[in-house]
Amino acid sequence: MKELVVISGKGGTGKTSLVASFAALAKDHVMVDCDVGAADLHLVLNPEILESHDYYGGKEAIIDQDLCTKCGKCKEVCRFNAVDDDMMIRPLFCEGCGACVFICPEKAIRLEDSLSGEWFLSDTIYAPMVHARLGIAEDNSGLLVSLIRGKARELAKEQGRNLLITDGSPGIGCPVIASITGADLILIVVEPTLSGMHDLKRVADLTKYFDVDAVVTVNKYDLNEDITNQVEEYCRQNDLQFLARLPYDEAVVRAQIARKPVVSFGESKVATEIKKLYNDVSNILNK
Amino acid sequence: MKITLASGKGGTGKTTIATNLAYLLSKDKEITLLDCDVEEPNAHIFIKPTWTDSYTTYLPIPKVDMDKCIHCGICGDSCQFSAIANIGDKVLTYPELCHGCGLCMMACPTGAITEQNREIGTVELGHSGNIKMAHGKLRIGEAMSPPLINAVKKHASEDGITIIDAPPGTSCPVIATIQESDFIILVTEPTPFGLNDLKLAVGMVREIGVPMAVAINRSDLGDNAVKEYCEEEGITVILEIPNLRKAAQNYSKGHLIVKEMPELEKHFSGIMASIEKELSK
């Protein structure tokens, strides 16, 4: 079984649009949407949810007001500013560490499992899909990402599918780290801008830090061919395979509005290039 | 006053609006710009500050004195993050998992645990004209951005205007950034992804309870659904920037679009007045 994870560093480079097209092009695959804080893949793949499960991401402290004497020791000891001036817990700040539970002389505080979101096993016309919704303002997205990657792997095994295609999130922090560790191949989608170039360097360093193989594609390359060339040169100098230049194409937005992958939305220049890109990625995965 | 640019979706134009707004406002007053997208900071590309100072920020992680350790296992049992464990006669720590809560240190009956530092990242300070800038750069491989974001936020202006560029999304780095903002501008694009993520971001801002408005970037790109949503929800659209290839090209080169295309200034001109109006509601 192989896993392809699509990340970008910079937001808005076209990861989800590309992954949606890969869904239509691949065979024997399972789709995974690891952008759990702002998931969009379902908007194009139109999944039918077969199972939904609660996700308990961490814990939160609850103070029993009957036992609380407002001594303030919990506030002193909390490093996350999660106890307000009235000795009430601020759930948005609480990390569920238990320091307050430990220190409270009245044993007035307990930790409870915190319902942080939901994850889903779904079906689409292209492949089964595993996705999730992290609750508003919840943290521990990394754990949820790891959970759904694991579930996708189990599902693939059960159904004899041998490819996971994973849509990642922007940035280089915990949900991205959780989505790339152990992957067979990372595809970094870059935009040809100074910002995109800057972010590429950081996300490429991240893949090296976690020892995962990465390949690169530039999306909307014709916006700035000079920087596209710089990206290609950077790849050459840093042991990253540069795979493709995808042109800016209004078909991408039109396909999105029609809720279809762009490769399933008639002929377009970008669709042709995406098909070639997928072919290259597939060959690399199957080496 | 702290004005934060946030979004659900990445790549909608937070940094574009933050930097161009900061530049325009700085023409007649001192402005502070904080780039809290510590994972992928980009504001400096457009502001081009002269850097004057930098310092490293750390998270405290446990250090175990094995001479004092009695192998009771309380540290491992207490830790909610599996960052410390007593296995046989060894105490293993997993610094990358540690949240720096200090519980193991408090819980250890023999005082065997003290703290050492794990590097989270660097804060850099600089200026360009009337703009004072600070940003953070998360150490590659570090999972936790909020402590670094909080360090950057300490450089907010006491009494002037601070513009804060947030990371994309709705999870904990964004929450850490938008806390204590006076006003939030949610930046979106008029596409299905843009609308979907805008709804999540609106839910997030309502949870925090800060006044907000929406900015629609590349406003003639997709369909009308975002505008209709804002109308239904009673959210003011405070700024619209059209989808102009020339603006995108300027952006790609690291230029401030209002500098290269002064005709775009008019889109920004009413923002502060609109924000004051929203705040007075």
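Residues numbered from 1 in each chain as written. Chains lettered and ligands numbered in written order. Predicted model: local features only at pLDDT ≥ 70, side-chain atom pairs only at ≥ 80, totals over all residues. Heavy atoms only, no water.

On to the packing of helix α7 (residues 194-209) of chain A against helix α8 (residues 225-237) of chain A. Geometry of a packed helix pair, given as the angle between the helix axes and the separation of the axes. All names here are of chain A. Look at α7 against α8: their axes get within 10 Å of each other, and the N-to-C directions meet at 15°. Considering the angle they form, α7 stands roughly parallel to α8. Crossing of α7 against α8: the hand is right-handed. Facing α7, whose interface residues are L194, M197, L200, K201, A204 and D205, α8 presents I227, Q230, V231 and Y234. (Axes fitted to C-alpha atoms, helices over the stretch in contact; angles between N-to-C directions. Helix = DSSP H or I, 4+ residues; strand = E, 2+ residues; numbered from the N terminus. Parallel < 35°, antiparallel > 145°, perpendicular 65-115°, else oblique. Left-handed = near helix turned anticlockwise from the far one by under 90°. Contact = heavy atoms within 4.5 Å.)

With that out of the way, let us pick up the sheet that holds strand β11 (residues 237-241) of chain B. Hydrogen bonds between backbone atoms are what pair the strands of a sheet, whose relative direction is either parallel or antiparallel. Residues and elements named next belong to chain B. Read from one edge to the other, the open sheet built from 9 strands follows the order β3-β6-β7-β2-β8-β1-β9-β10-β11, with strand pairing classed as mixed. Looking at the sheet topology across the chains shown, the edges are occupied by β3 (50-64) and β11. Put simply, the sheet's adjacent strands are angled 20° from each other on average, direction ignored. Sheet topology note: the strand β1 (residues 2-6)/strand β9 (residues 183-188) ladder contains 4 bridges and is parallel. (Pairing = 2+ DSSP bridges.)

Residues and elements named next belong to chain B. In total, this model carries 21 salt bridges over all chains according to the counting rule given. Across the pair K137 and E124 runs a salt bridge, and its minimum N-O distance is 3.8 Å. Taken together, the positions of K137 in strand β7 (residues 131-138) and E124 in strand β6 (residues 113-128) put the pair 13 residues apart, joining distant regions of the chain. For K137, a relative accessible area of 32% translates into the label partly exposed. (Salt bridge = Lys/Arg side-chain N within 4 Å of Asp/Glu carboxyl O. Buried < 20%, exposed > 50% of the residue type's maximum accessible area, 1.4 Å probe, protein only.)

Attention shifts here to unusual backbone geometry. Residue and element names in this part refer to chain A. Even without a glycine there, the phi angle at M87 is positive, about 60°. Among the structural elements, M87 can be located in the loop between α3 (73-77) and α4 (99-103). Taking relative accessible area as the criterion, M87 reaches 12% and is therefore assigned buried.

Our next topic: empty space enclosed by the protein. All names here are of chain B. The full count for this structure, using the stated rule, is 5 cavities of 30 Å³ or more. By volume, the largest cavity is sized at about 130 Å³. Lining the largest cavity are 21 residues, and of these P62, C98, C101, G102 and C104 lie nearest its centre. Those elements giving two or more residues to the lining of the largest cavity turn out to be β3, α3 (74-78), α4 (103-107) and β6. For the lining of the largest cavity, the per-class residue count stands at 14 nonpolar, 5 polar and 2 charged. Of the pockets and cavities examined, the second largest cavity occupies roughly 100 Å³. Looking at the second largest cavity, it is lined by 15 residues, and the ones nearest its centre are C69, C72, G73, C75 and C108. For the lining of the second largest cavity, the per-class residue count stands at 11 nonpolar, 4 polar and no charged. (1 Å grid on protein atoms, 1.4 Å probe; cavity = no way out; pocket = protein on both sides within 12 Å on 5 of 7 lines; lining within 4 Å. Points joined across faces, edges and corners; volume = space filled by probe spheres on them. Nonpolar A, V, L, I, M, F, W, Y, C, P; charged D, E, K, R; others polar.)

I7, I186, I188, L200, V216 and V231 of chain A are the most contacted members of the largest nonpolar core, which has 43 residues in total. Among the elements that line this core, the one with the most residues is α7 of chain A, at 5 residues. Contacts of I188 of chain A, omitting those with residues within four sequence positions, involve I7, S8, L200, V203, A204, T207, A214, V215, V216 and T217 of chain A. A43, I163, A215 and I238 of chain B belong to the second-largest nonpolar core, a separate cluster that totals 38 residues. (Core = buried A, V, L, I, M, F, W, Y, C linked by side-chain atoms within 4.5 Å.)

With that settled, the discussion passes to the packing of aromatic side chains. Inspection of every chain in the model, using the stated rule, returns 3 aromatic pairs over all chains. Note on Y209 of chain A and F210 of chain A: the rings are 5.0 Å apart at their centroids and 70° apart in plane angle, and the pair reads as edge-to-face. Measuring from ring centre to ring centre gives 5.3 Å for F46 of chain B and Y251 of chain B, while their planes differ by 15°; the resulting arrangement is stacked. Placement of the pair is F46 of chain B in helix α2 (residues 43-47) and Y251 of chain B in helix α9 (residues 245-252), with a sequence separation of 205 residues. Accessibility classification places F46 of chain B together with Y251 of chain B in one group, the buried group. Between the NZ or CZ atom of R90 of chain A and the centre of the ring of F93 of chain A, over which it lies, the distance is 4.3 Å. (Phe/Tyr/Trp six-rings, centres within 6.5 Å; stacked < 30°, edge-to-face > 60°. Lys NZ or Arg CZ within 6 Å of the ring centre and 35° of its normal.)

The next point concerns helix α12 (residues 271-280) of chain B. Each α-helix turn comprises 3.6 residues. Residues three or four places apart therefore point the same way. Residue and element names in this part refer to chain B. Within the sequence span of α12, burial applies to I271, M272, I275 and E278. One side of α12 carries all its buried residues, which in axial view fall inside an arc of 120°. Facing away from the buried side of α12, by more than 90 degrees, are the exposed residues A273, K277 and S280. (Arc of directions from axis to C-beta.)

In this complex, chain B contributes 61 residues to the contact, which on the side of chain A involves 62 residues. For the pair chain B and chain A, the summed buried surface comes to about 4800 Å²; carbon and sulfur atoms form 60% of the total. The largest share of the area that chain B buries against chain A comes from E40, I140 and F193 of chain B, three residues that together contribute 16% of it. There are 3 salt bridges connecting chain B and chain A. Here E115 of chain B and R79 of chain A are joined by a salt bridge, their closest N and O atoms 2.8 Å apart. Between chain B and chain A we count 24 residue pairs in polar contact (both at pLDDT 80 or more) in total. Elements with a contribution of two residues or more to the side of chain B that touches chain A: α2, α4, β7, α6 (172-178), α7 (192-208) and α9 of chain B. By residue class, the composition of the side of chain B that touches chain A is 25 nonpolar, 22 polar and 14 charged. (Buried area = accessible area lost by both parts, 1.4 Å probe. Polar contact = N/O pair within 3.5 Å; in protein donor to acceptor, adjacent residues only side chain to side chain.)

Here the focus is the pairing of strand β2 (residues 31-35) of chain B. All names here are of chain B. Most of β2 is tucked away, with 5 of its 5 residues classed as buried. Judged by which residues are buried, β2 turns out to be covered on both faces: I31, L33 and D35 on one side and T32 and L34 on the other are all buried. The sheet contact formed by β2 and β7 spans 5 bridges and is parallel. Each residue of the ladder has a partner; that of L34, found in β7, is A134. The pairing of β2 with strand β8 (residues 161-165) spans 5 bridges and is parallel. The residue bridging T32 from the neighbouring strand is T162, located in β8.

Residues and elements named next belong to chain A. Packing of helix α1 (residues 15-25) against helix α10 (residues 269-285) brings their axes to within 10 Å, and their N-to-C directions diverge by 70°. By the criterion of interaxial angle, the relationship of α1 to α10 is roughly perpendicular. Judged by residue contacts, L18, S21, F22 and L25 of α1 engage I274, K275, L277 and Y278 from α10. A class-by-class count of the residues in the contact of α1 with α10 yields 6 nonpolar, 1 polar and 1 charged.

That's the geometry; what it means functionally is another story.
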